[in-house]
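Results of the structural survey
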Amino acid sequence: MIEYIRKYEFGEPYETGAVIEETVKTEGIPEGFRYDEEAGTFFYDLHEKDMIFGLGETVRGINKRGWIYVSNNSDDPAHDENKTSLYASQNFMIVDDGERCFGLFVDNPGTVTFDIGYSTPGVMSIHPEYNDTSFYLVDGQTPLEIVGRFRRLIGASYIPPKWAFGYGQSRWGYKTADDIREVARRYKELDIPIDMIYMDIDYMQDFKDFTVNPERFPDFEDFVKEMREEGIHLVPIIDAGVKIEDGYDVYEEGKANGYFCKKENGEDLVAAVWPGKVHFPDFLNDDARRWFGKKYKVLTDAGIEGFWNDMNEPAIFYTEDHLKEVFEQVRDFEKKELDIWGFFDFKDVVGSIANNPEDYRRFYHDFNGRKVRHDRVHNLYGFYMTRSASESFEKIAPGKEILMFSRASYTGMHRYGGVWTGDNTSRWSHLLMNIQMMPALGMNGFLFSGADIGGFGGNTTEDLMMRWIEFGIFTPLFRNHSALGTRDQELYRFDKTEDFRNLIKLRYALIPYIYSEFIKAVETYDMYMKPLWFEYRNDDRCREVEDQLLVGDSIMIAPVYEQNKTGRYVYLPEKMKLVRFRSCEDCDTEILDKGDHYVSAALNEVLVFIRPGKELSLDVNGGERRDGSFVHTNDSGTAITVI
Ligand code: GLC
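Residues numbered from 1 in each chain as written. Predicted model: local features only at pLDDT ≥ 70, side-chain atom pairs only at ≥ 80, totals over all residues. Heavy atoms only, no water.

**Quick word on the overall build of the protein chain**
Selection rule: Working definition: helices are DSSP H or I runs of at least four residues, strands are E runs of at least two. Numbering for both runs from the N terminus. C-alpha atoms define the radius of gyration in this analysis, and the globule rule sets the expected value at 2.2 Å times the number of residues to the power 0.38. Exposure categories follow from relative accessible area, calculated using a 1.4 Å probe and restricted to protein chains: below 20% of the type maximum is buried, above 50% is exposed, and the middle band is partly exposed. Contacts were defined at the residue level, with two residues in contact if any of their heavy atoms lie within 4.5 Å. Accessible surface is estimated by sampling points in the Shrake-Rupley manner with a 1.4 Å probe; for residues, cover comes only from the protein chains shown. Charged-residue counts in this description rest on Lys and Arg as positive and Asp and Glu as negative, His and the chain ends being excluded. Charge positions come from single atoms, namely NZ of Lys, CZ of Arg, CG of Asp or CD of Glu.
In terms of regular secondary structure, the protein chain is built from 13 helices and 40 strands. Here the C-alpha radius of gyration of the protein chain, 25 Å, is about what a compact globule of 643 residues would show, namely 26 Å. Seen along its three principal axes, the alpha-carbon backbone of the protein chain occupies a region of about 75 × 65 × 55 Å. A total of 643 residues make up the protein chain; the buried ones form 63% of that total. Sequence-distant contacts in the protein chain: of pairs separated by 6 or more residues, those separated by 24 or more amount to 71%. A total of about 24,100 Å² of accessible surface is found on the protein chain, and carbon and sulfur atoms cover 45% of it. Considering the protein chain, the positive charge centre built from 75 side chains and the negative charge centre built from 112 side chains are found 1 Å apart.

This is the structure we're talking about:
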């Protein structure tokens, strides 16, 4: 029983699986909060200096104060800082004025609105759409202590296989085994290390889960083996929707056993996603979840050791029922003379077909024996899909470590897999967003995470890709991914391949550090990437540092995230050693005092600041570590001491 966490219950909370420890149940309203029972809203008066950290995958800065965030897993590739919902819901946050701090976790799998001083600057309000909530207050002296306590409450984070810390290339559009061979060949030719090539939906037969197109991928098992011999793991995508097609085993079995989500009238919901019309497996139902998890065996038997689960908010292009309604409405519009407002009404009807909120109220789950309408537990869907896979791995691939990450998530899923942050865009602002999201994801236990490097939608540029890689070499999940129809962005598509090679090799040389700090963060319930303020609490300047991060115990990074910059301002909370890496063999160092500095960073340079008394170990081809310095050897075995 944990005593420094108080649990308050409202309504009939669901057993979401976010929390794994028992806590003291407290009566009444969470201390410090007001509760407007009629409105179902909690209010907290923010102190002038209060900063809010956390909420996982959300837009805007590291300090979340001043905006409104809605936990409602959404497939929204066109997002920017004005959006309120992204692909994930991670409802843990810390309120901290520098002297007093506490954590709070709102365990409610439906829509929850966190208005953090947006409507009223001095007030934070929390409004769950349905009041069935477990509300946890976490005491602690510092944000890090609170994070540690919360993370013990929700259980240890997922650890992927070590090779998953390598570099991965992905693109929506690789259609054949030869396309993938070509990617592997080009990387090899340019001597750019790579561990993973991701397979997007085109490997499947008509986008059917757990199938492989036999024409485009003949002898799949041999192909997997061939790639493994090249040192490459193939990582296929699995989507949530199951294609409706007679004779397709997954569809037939799901239907026969009643494993798909049903409408009020008991019929299976018909939605449409990439495969066309689909049913959604009811991952919240224990039997359905176990059944779907076993299906990954088709691929693990073929030698596959990693997956990414997608479209599991679930994304809905349309539902059959809603589309019918829209067609009827359109016919009505056609009959009328449209004035300009009528035209906009028409546009709204037609433009809001995908991911329509009404559709999430059309289907039900059989959740722990309770019939539950989807919207009440919406944010659990991706979590339970990933749980489904992850729990089956022990049985279908005994003794193997499997890479698993997901697009949609909810707190608790961090025990089963990592996350990528969904469909971002090739924009500089999305690089900054990636930097600012990482600590908040870690606070919620999602240590194995990362964004689509270079940007998924839109066309990237060489300089954006380079700067993004320079940050990405520190993120546990390190994957370059892009959308169909966008500019090719494999690193060999650019001119400065030597710089890219150096950067990727630097990542590999850093893996001993990254991996050990990652494991340490998992085992000690610490954060792998932290805001400066979490460590330097007697330095008020650190409150405002939103674009530098501590990575593990020894280093601080200050990525360049703006176009045309050959340097940036950096704030040092103490004296540090700056290492300006051009490659793992080529760098210069400088001791910088506490304070503000303008630091140059040419396009191919990575800034790493080593904290006093700490060291960073790099390891190229089996380098060794010596006291107070890091030493590595290059191919010819020459030792290079950087500090
Ligand atoms: C979704 C995914 C993206 C993938 C695409 C096609 O948009 O987020 O990563 O490439 O679907 O499968």
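**Some details on unusual backbone geometry**
For the bond from E313 to P314, the omega torsion is 0 degrees, close enough to zero to count as cis. For P314, the location among the structural elements is in the loop between β20 (306–310) and β21 (318–319). Phi angles above zero are rare outside glycine, and N355 is one such case at about 50 degrees. Positionally, N355 belongs in the loop between α8 (340–351) and β22 (363–367). Positive phi is not limited to glycine here, since Y525 has a value of about 55 degrees. Mapped onto the fold, Y525 is located in the loop between α13 (497–523) and β30 (529–531).

**Description of the site of the ligand**
What counts is decided by this rule: Nearness of a residue to a molecule or strand requires only that one of the residue's heavy atoms be within 4 Å of it. Any N or O atom pair separated by 3.5 Å or less is treated as a polar contact, with the protein-specific requirement of one donor-capable and one acceptor-capable atom, and with residues adjacent in sequence counted only for side-chain atom pairs. Side-chain classes are defined by residue name, with Ala, Val, Leu, Ile, Met, Phe, Trp, Tyr, Cys and Pro counting as nonpolar, Asp, Glu, Lys and Arg as charged, and the others, Gly among them, as polar.
The ligand sits among 13 residues. The nearest are D200, D310, R407, D423 and H481. Within the contact set of the ligand, an oxygen atom lies 3.1 Å away from a side-chain nitrogen or oxygen of D310. One of the side-chain nitrogen or oxygen atoms of H481 is found 2.9 Å away from an oxygen atom of the ligand. Of the residues belonging to the shell around the ligand, the class tally is eight nonpolar, one polar and four charged.

**Digging into the sheet that holds strand β11 (residues 123–128)**
Under the convention used in this document: Pairing between strands requires that DSSP locate at least two bridges from one strand to the other. Throughout, an axis means a line fitted to C-alpha atoms (over the contacting stretch in the case of helices), and angles, computed between N-to-C directions, take values from 0 to 180 degrees.
Reading across from one edge, β3-β4-β11-β10-β6 is the order of the five strands in this open sheet, with antiparallel pairing throughout. Among the strands making up the open sheet, the edge pair consists of β3 (34–36) and β6 (68–71). In this sheet, neighbouring strand axes are inclined to one another by 15 degrees on average, regardless of whether the strands run parallel or antiparallel. Of the pairings in the sheet, the one linking strand β10 (residues 112–116) to β11 comprises five bridges and is antiparallel in character. Paired with I116 across the bridge in β11 is M124.

**Description of the pairing of strand β4 (residues 41–45)**
Sheet topology note: the β3/β4 ladder contains three bridges and is antiparallel. When the sheet's bridge partners are listed, R34 is paired in β4 with F43. Counting the residues in the hairpin turn of β3 and β4 gives four residues, including G40, whose phi is positive at 65 degrees. As judged from the four bridges shared by β4 and β11, these two strands associate in the antiparallel manner. Its bridge partner being in β11, F43 is matched across the sheet by S125.

**Some details on the environment of M196**
Mapping M196 onto the fold places it in strand β14 (residues 196–199). M196 sits in the buried class, given a relative accessible area of 0%. Sequence separation between M196 and G166 is 30 residues, and the spatial gap between their C-alpha atoms is 7.4 Å. Dropping the residues within four chain positions of it, M196 is found in contact with W163, A164, G166, Y167, G168, Q169, I232, H233, V235 and L403.

**Side note on the packing of helix α2 (residues 177–189) against helix α3 (residues 220–229)**
A pair of packed helices is captured by two measures, namely the crossing angle of their axes and the spacing between those axes. Quick reminder of the rule: By definition in this entry, angles of less than 35 degrees are roughly parallel, angles greater than 145 are roughly antiparallel, angles of 65 to 115 are roughly perpendicular, and the rest are oblique.
Direction vectors running N to C along α2 and α3 enclose 0 degrees, while the axes themselves pass 11 Å from each other. What the angle tells us is that α2 and α3 run roughly parallel. Contacts from A177, I180, R181 and A184 of α2 reach α3 at F223, E226 and M227.

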